[in-house]
Structure formats: C-alpha cells, structure tokens
Amino acid sequence: MTSSIQISNNASVRELTRLERIGAHSHIRGLGLDDALEPRKGGSQGMVGQPAARRAVGVIYKMIKEGKIGGRAILLAGKPGTGKTAIAMGLAQELGEDTPFTTMSGSEVFSLEMSKTEALTQAFRKSIGIRILEETEVIEGEVVEIQVDTAIGGTGTGTGTGTGGTGDKPKGKGGMEKTGRLTLSTTEMETVYDLGTKMIDALTKEKVSAGDVITIDKASGKITKLGRSFSRSRDYDAMGAQTKFVQSPEGELQKRKEVVHTVSLHEIDVINSRQQGFLALFTGDTGEIKSEVREQIDHKVAEWREEGRATIVPGVLFIDEVHMLDMECFSFLNRALESDMAPVLVIATNRGISKIRGTDYKSPHGIPLDLLDRLMIVSTVPYEREEIHSILKVRCEEEDVEMTDDALELLTRIGVETSLRYAIQMVIAASLAAEKRKSTEVEIEDIKRVYTLFVDVKRSTQFLMDYQSEFMFNELNEEEESDNSDEEEGEEESTITNEKSEAMDES
C-alpha cells in the first residue's frame, strides 16, 4: 500500500543586512557627465571640479564601451589631492559590473610572492572578460500537481504519510525509497514526469508547490523557481510581500535557452592550472601560472570567438602610484600593450621630474620616455575655493554630518590654506566633538577644537624645525655641520692658495 503526499510551500523570509562603510571615495557614483560628455554642475554623481580631465576620461569611457580599441594607455598626472583616484573610481562606476575593472598599486608588485612580470600578467588577465554563450535544454512549465510515494525497500513493504506514516510493518531490513510524479503544463500542453529521489529532494529544497512556475535544466537537473502563476493569484494561500507572480509559459515544455556566463581570463587560468580548480579563486593561492597553460587557453578562446560562442570584453587595469614600478615592469607594460587582447591601461602618479626606480636616470613622472610616448596624458589641476566648498559639502552629506554654514566656511578656508585631504578628515572628527557637546550640528568651536588637536603638515614641519635638536637620529644638524665643515675647508684651501701665489710673486 502506498499513499500520496502534497509538498507544502512554507515561505521563509530572510533579511540580509548589508554592511556599508564610508571610504575616501564612497561618495563617487560616476563621472557626472551628460550625453554630450559635458560635466554637470552642482556635484553631479559626487564629482566636483576637474572639468577638462572629466571630459577626457568621458571620451575614454566611450572608447571602452565600444570595445573595439585595445592596448590604449592613459596617464592621470597631477599634484597630490587633485582627484586622480576619484576620476578613476568614477570611470569604474560608469562602466558598471559587466566590464572588468582591476585596481592595484605600483608597490603591490614587489610585495607578492611571485615574480613582478607574473603579478602584472595576472592583473592584465583579470581585466579581460569573456562572455561565453551556451545553449541548454530546459523544461519550463507551471506545476499542476506533485505526488510523492514513500515505500520501504527490501523484503517488506510499508506506507508513509506526511504525518509519520501508517501501514504494515516491514518483514525485513530495507531503506526508504521515494518515487513520485510531477505534472507540468503550459498554455498549450500538459505532461506527467516520473521523479527519482534526487529530483524529489531538489523540489523539497526549493519548496515547490502546485501553482509555481519552474524551470528544470535537463543536463544538470537544477531546479529554478521563477515565481507564482497569475492563475493562482486569487488563491487564499498565505503569501508574503516577496511573492512574485509570472505568466504561465507558452508553447512546448521543452525549450532551448541561451545562457551567458561572464568570467575573466585569469579565472579560467586558475581553474585549469591548479589541482583544486576553482577553489583556488576563494583561497587566493593562485601561485605562478605556466605560460603553456595560458597559450592553450588563448587558443581555445580564439576558437570560441570564431564559432560565435564567446566574445571578448576588454576591461580596465588601473595602476595607482605607477612611479613605484621599475624598468623591468615598464618594459613589460610596453610589450603587453601591443597585444590585441590587452585591456585599457589607466595609470596615475603625483611625481614631477624624478628618478626612474632602480636607475640614476631622471624622467618626467618617473616613467621612461618610450612608455610616455604611448600614453594619452590627462592633467589634473588644483581645486578652486568654491570647488573645495562643494566637495566638503558632499562629504558632509556622505558621512551624515550636519554642519552650519559658518563652520563649513571655516573648514573651506582651512582646506585652502592646508590641504583638501586634511579638511575632509576633520569632518567626522568635528562631528564627534559636537556629539560630545550634545549638539546635533557642527559649529565653529568644534572645528577650532579639532584644528588644535590634530596638526596639518605645515604645522608639523614647523614644529620639527623648532625642536629638531631634541629628536633622535636628526639629520638636519648633521647636514648643517657638514655644510659648515665644507665651507671651512674651502676657506683653508683658498688661504693656502693665496699664500703660495704671494710666495711665487716675491721670488
């Protein structure tokens, strides 16, 4: 004897709390450009000032979205605190999640447990995405009925029900065997499928019940619940606010669908080079990848492109503090940019004419001239007073700080006389000082208190100059002493020379 049971739908709602922290550039939402690539006014998308640089990066954004040109390199050059990293973050926000965007610092290359060229190669391949198109056969329909029969295997038989089961006792040892039938329908047809134990467990896990619209992947057996059918919208079942209603599928039950997977070349490299496969992506233990593996993957990706099964998505590699790289890294970048699968390279530096790392040669921005020839250089200029005022206002909104107009004006003046970064760091500190006074707004006295507690670079330098002799390992006195000794030696040499010339004259 067997009996049928109906799988009930117990809706469970999980609330996930997203942890968001306020960072230095968390207020950046994009480049703040209109359709004509002109900067909007009023701090659009968190971007303020630098109109020329934003226009130039807007053109680069269009170039990246087209995806036709690869191997271009852009240099963001300007003094510290002029928004170079902010512009790069705005570019990343504009591109969205579909376009790979990899960020790294120039000093990271030397701190990783791999060679410098391997670290740069991995960064390049992280910035190149592959869209892989797959056609899969699926069964899509509305669930009409689910019947599950539970039987005791072995020499005996028995029956079970949803409340514990009743029936004959088994005559021998045996396990519980589940069989069932699933009735699916579309607007044009209806079919009954036999179910095994694994499919029954999958249906139970997804909490599928009559009236749900589901898809079943024939290759993997994966069940996806699309929603509840509109035909069951008037049922008096308990439904939560999260219940999604969809139309009942049309046509045949078995369909072919295109599925798009987006992965980076580096992820394919890791999966094919490590024994643990994709688990290495989570552990971070990727190690060095052999060039033979990459060549095979590139060959396979080229075949997929010819067959129309894959498309290349060239992304962006952003290297901050690029002057920290040495000649070996710059030579590698020269060669890597010539590849047809190279991403768009965006680099930033705040150096002027300085030495190239590892050499005694000086060059603009600390970058070799042969690489500078390949770069499209975008300059950033210091912010004006009004722009500093707008940036501080945006940061107050981002950090949820209420500030009076007089206090904001004083903070703007401090930002002009010291630096923008120092003024931004004072916002949250002044807010805490106001909370200590049990005030909801930051006032001038809070700004003054924080200004006296935390010194800026100019005041710190002046303090060192005044009390330099009291610090350990002071080099300034040593330099002065060496300068004085050099002057004394020069005077002695000039005296000896004069005496010799007088003796020669007398003779």
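Rules behind the numbers
- Residues numbered from 1 in each chain as written.
- Predicted model: local features only at pLDDT ≥ 70, side-chain atom pairs only at ≥ 80, totals over all residues.
- Heavy atoms only, no water.
- Helix = DSSP H or I, 4+ residues; strand = E, 2+ residues; numbered from the N terminus.
- Buried < 20%, exposed > 50% of the residue type's maximum accessible area, 1.4 Å probe, protein only.
- Polar contact = N/O pair within 3.5 Å; in protein donor to acceptor, adjacent residues only side chain to side chain.
- Contact = heavy atoms within 4.5 Å.
- Phe/Tyr/Trp six-rings, centres within 6.5 Å; stacked < 30°, edge-to-face > 60°.
- Lys NZ or Arg CZ within 6 Å of the ring centre and 35° of its normal.
- pLDDT = per-residue confidence, 0-100.
- Patch = residues over 30% accessible without salt bridge, like charges linked within 9 Å, V, L, I, M, F, W, Y side chains within 5 Å.
- Areas by Shrake-Rupley, 256 points an atom, 1.4 Å probe, with all protein chains shown as cover.
- Salt bridge = Lys/Arg side-chain N within 4 Å of Asp/Glu carboxyl O.
- Lys, Arg positive; Asp, Glu negative; His and termini not counted.
- Charge placed at Lys NZ, Arg CZ, Asp CG, Glu CD.
- Pairing = 2+ DSSP bridges.
- Axes fitted to C-alpha atoms, helices over the stretch in contact; angles between N-to-C directions.

Here Leu133 shows up in strand β4 (residues 128–152). Looking at Leu133, the relative accessible area reads 30%, which means it is partly exposed.

Here the focus is the side chain of Ser363. Of note, Ser363 is situated in strand β15 (residues 362–364). Judged by its relative accessible area of 2%, Ser363 falls in the buried class. Here the side chain of Ser363 touches Ile367 through a polar contact of 2.4 Å, landing on its backbone oxygen. With near-sequence residues (within four places) excluded, Ser363 lies in contact with Gly352, Ile353, Ser354, Ile356, Pro368, Leu369 and Leu372.

A separate point is the packing of aromatic side chains. Given two aromatic rings, their pairing is described by the distance between the two centres and the angle made by the two planes. On inspection of all chains with the given rule, the structure shows three aromatic pairs. Judged by centre distance (6.4 Å) and plane angle (70 degrees), the rings of Tyr422 and Tyr451 are edge-to-face. Taken together, the residues span a long stretch of sequence, with Tyr422 in helix α13 (residues 420–436) and Tyr451 in helix α14 (residues 444–453) at a distance of 29 residues. Note on Tyr451: relative accessible area 27%, which makes it partly exposed. Above the ring of Phe110, the side-chain terminus of Arg357 is found at 4.0 Å from the ring centroid.

What follows covers the confidence of the model for the chain. Per-residue confidence for the chain averages 79 on the pLDDT scale, and 79% of its residues sit at or above 70. Here residues 1–19 scores under 50 on pLDDT; set against residues more than four positions off or in separate chains, the count is 28 contacts. Low confidence marks residues 154–173, where pLDDT is under 50. Its contacts with residues over four positions away, or in another chain, come to 32 contacts.

It is worth spelling out a negative patch on the surface at this point. Side chains of Asp400, Glu402, Asp405, Asp406 and Glu441 sit close together on the surface and give a patch of like negative charge. Positionally, Asp400 belongs in the loop between α11 (385–398) and α12 (405–417). Assessed through its relative accessible area of 66%, Asp400 is described here as exposed.

So, on to the sheet that holds strand β12 (residues 316–320). If you walk across this open sheet you meet the five strands as β3-β12-β13-β2-β16, and the pairing is parallel. Both edges of this open sheet fall to β3 (101–105) and β16 (375–379), since each of them pairs with a single strand only. Going across the sheet, the axis of each strand differs from the next one's by a mean of 20 degrees, ignoring polarity. As judged from the five bridges shared by strand β2 (residues 73–77) and β16, these two strands associate in the parallel manner. Within β16, the residue paired with Ala77 across the bridge is Ser379.

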